[in-house]
Amino acid sequence: MSDPAELRTRVLEWYDEHARDLPWREPSASPWAVLVSEFMLQQTPVARVLPVYEQWLSAWPRPADLAAVPTGAAVRAWGRLGYPRRALRLHAAATAIVERHAGEVPPAYEDLIALPGVGDYTAAAVASFAFGRRHVVLDTNVRRVVARTVSGVEFPSAAVTRAERYLATSLLPDEPREAAAWAVGSMELGAVVCVAAAPRCSTCPVADLCAWRAAGYPAYDGPARRGQSYDGTDRQCRGRLLGVLRESAEPVHRSSLEAAWPAADQRQRCLDWLVTDGLVAPVGEDAFALP
Ligand code: SF4
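Now for a description of the structure that goes with this document. Since we're looking at a predicted model, the values are computed, not measured. (Residues numbered from 1 in each chain as written. Predicted model: local features only at pLDDT ≥ 70, side-chain atom pairs only at ≥ 80, totals over all residues. Heavy atoms only, no water.)

## Considerations on empty space enclosed by the protein
In this structure the tally under the stated criterion is two cavities of 30 Å³ or more. Cys-194, Pro-199, Cys-201, Cys-204 and Cys-210 are, among the 15 residues lining the largest cavity, the residues nearest its centre. If you list the elements that add at least two residues to the lining of the largest cavity, you get α9 (140-151) and α12 (211-214). Partitioned by chemical class, the residues of the lining of the largest cavity number eleven nonpolar, one polar and three charged. His-135, Val-136, Val-137, Leu-138, Val-142, Val-146, Ala-168, Leu-171, Leu-172, Trp-182 and Ala-183 together form the lining of the second largest cavity. Of all the elements in the fold, those that place two or more residues in the lining of the second largest cavity are α9, α10 (162-171) and α11 (176-192). Each residue belonging to the lining of the second largest cavity can be placed in one class, and the counts come to ten nonpolar, one polar and no charged. (1 Å grid on protein atoms, 1.4 Å probe; cavity = no way out; pocket = protein on both sides within 12 Å on 5 of 7 lines; lining within 4 Å. Points joined across faces, edges and corners; volume = space filled by probe spheres on them. Helix = DSSP H or I, 4+ residues; strand = E, 2+ residues; numbered from the N terminus. Nonpolar A, V, L, I, M, F, W, Y, C, P; charged D, E, K, R; others polar.)

## Regarding the side chain of Arg-267
Summarising the element assignment, Arg-267 is placed in helix α15 (residues 264-276). Here Arg-267 occupies a buried position and makes no salt bridge, while the nearest side chain of opposite charge, Glu-258, is found at 4.1 Å. In this structure the side chain of Arg-267 is engaged in a polar contact, spanning 3.3 Å, whose partner is the backbone oxygen of Pro-262. Apart from residues no more than four positions distant in its own chain, Arg-267 is found in contact with Cys-237, Leu-241, Leu-257, Glu-258, Trp-261 and Pro-262. (Buried < 20%, exposed > 50% of the residue type's maximum accessible area, 1.4 Å probe, protein only. Lys, Arg positive; Asp, Glu negative; His and termini not counted. Salt bridge = Lys/Arg side-chain N within 4 Å of Asp/Glu carboxyl O. Polar contact = N/O pair within 3.5 Å; in protein donor to acceptor, adjacent residues only side chain to side chain. Contact = heavy atoms within 4.5 Å.)

## A few points about the nonpolar core
The tendency in soluble globular proteins is for nonpolar side chains to be buried side by side. Ranked by size, the top nonpolar core spans 81 residues in total, and within it Trp-32, Met-40 and Trp-56 carry the most contacts. Filtering out sequence-adjacent residues up to four positions away, Trp-32 remains in contact with Trp-56, Leu-57, Trp-60, Pro-61, Arg-62, Pro-63, Leu-66, Leu-90, Ala-94, Ile-97 and Val-105. (Core = buried A, V, L, I, M, F, W, Y, C linked by side-chain atoms within 4.5 Å.)

In structure tokens, the structure reads:
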């Protein structure tokens, strides 16, 4: 295994010089702003998150501001970020922060992970990025960087294994601030240099330490990786239906939803899903609205 200290030093120096200027990384970003960004960045690229993030924080600069509005306002403001259940979960997290923590995002991992919609990654990321605490932060970018540089394979396994967590823990600097910097630095390296499809090894600060490169880039031989197809899926249908409701301040008649997605069975299935999930509320027999 390449020298972990050298790997960390290189990544930290590279990050100092090349980190993208993102609002949730500003020293002035509040823990709430970091939490909001982490909810939005799950499964959505930075460029699409930025405008929604800005609007969201200007409307609801504190958890109490979001907790005070109906869930439908959160779903509407979520816009086209996708996976809109995240809007409901963020609203529920804001409510829990008000009820359990007097409106302040708690710094401890244990309190964070107890919030609705917050899993291991988000709890570790917020504790680390907002509060400078020492945690293993394992997102897809960090996992890919560690898999390539240290384990010598192109991609990590589908789910985090015990061995992978052990390895990531062994790489974590002891000093909390440095650990937090390593977390965000290795994540950034995976996001902009060691990308999934075509890594930019010629500009990589750890190219000479990279085990996958040294081994001659052996091809990935694990289970098939999940595709990104979207067209015609239930997810696209639900997004289309929610989009119609978002555009309207009034309840929308069923016929407008039929026009938005002609395939009747799929439309009904997706509408039922949205209603069950609390993202859409029926209004009378034939109309629907945001909750
Ligand atoms: S050398 Fe290439 S594969 Fe290895 S860490 Fe750098 S970008 Fe990734």
